[in-house]
Amino acid sequence: MRVRTTLSAFAAIAVTGLGLASAAPAVAVPGTASHRVAAVQAADSLDIHRGKYMTLSGCQTAGQQGIDRGHWDRYQCAEGNMWPWKWNLWTNR
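Residues numbered from 1 in each chain as written. Predicted model: local features only at pLDDT ≥ 70, side-chain atom pairs only at ≥ 80, totals over all residues. Heavy atoms only, no water.

**Q** Help me understand the pattern of salt bridges in this model?
**A** Tallying each qualifying case throughout the model produces 2 salt bridges. Across the salt bridge formed by R93 and D73, the nearest N and O atoms sit 2.7 Å from each other. Here the residue R93 occupies a position in the segment after strand 3 (85-91), and D73 occupies one in the loop between helix 3 (56-69) and strand 2 (75-82), the gap between them amounting to 20 residues. The class for R93 is partly exposed, based on a relative accessible area of 42%. Overall, D73 belongs to the partly exposed group, its relative accessible area being 46%. (Salt bridge = Lys/Arg side-chain N within 4 Å of Asp/Glu carboxyl O. Helix = DSSP H or I, 4+ residues; strand = E, 2+ residues; numbered from the N terminus. Buried < 20%, exposed > 50% of the residue type's maximum accessible area, 1.4 Å probe, protein only.)

**Q** Explain the sheet that holds strand 2 to me, please; I cannot follow it from the model alone.
**A** In any sheet, the strands associate via hydrogen bonds between backbone groups, in a parallel or an antiparallel arrangement. The sheet built from 3 strands is open, its strands ordered 1-3-2 with antiparallel pairing. One side of each edge strand has no neighbouring strand; the edge strands of this open sheet are strand 1 (48-53) and strand 2. Ignoring which end each strand starts from, the neighbouring axes of this sheet average 30° apart. Here strand 2 pairs with strand 3 via 6 bridges, running antiparallel. Bridge pairing in strand 3 places A78 opposite N88. Of the strands in this sheet, strand 1, strand 2 and strand 3 touch helix 3, which is tilted by about 145° from strand 2. (Pairing = 2+ DSSP bridges. Axes fitted to C-alpha atoms, helices over the stretch in contact; angles between N-to-C directions. Contact = heavy atoms within 4.5 Å.)

Right, dumping it as structure tokens:
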């Protein structure tokens, strides 16, 4: 059992060390979102903006983690225009 715990801890450290920490849970933007955010809003009633990500894979990972944790049912990563934060995560709740 200690080996499994040690390997899990090592894997978590390795993932964080490789720069994949962009998959951290996203924080909702307050109701007064900027006009720029509204311009890149996703379709299909995915109307809650959860954050901006530099990479598509980081956005997708965060979206899937939210589904796995039960925070939302659907997500979409919409391409934005604010460099370097190119991807916007939108969710249904």
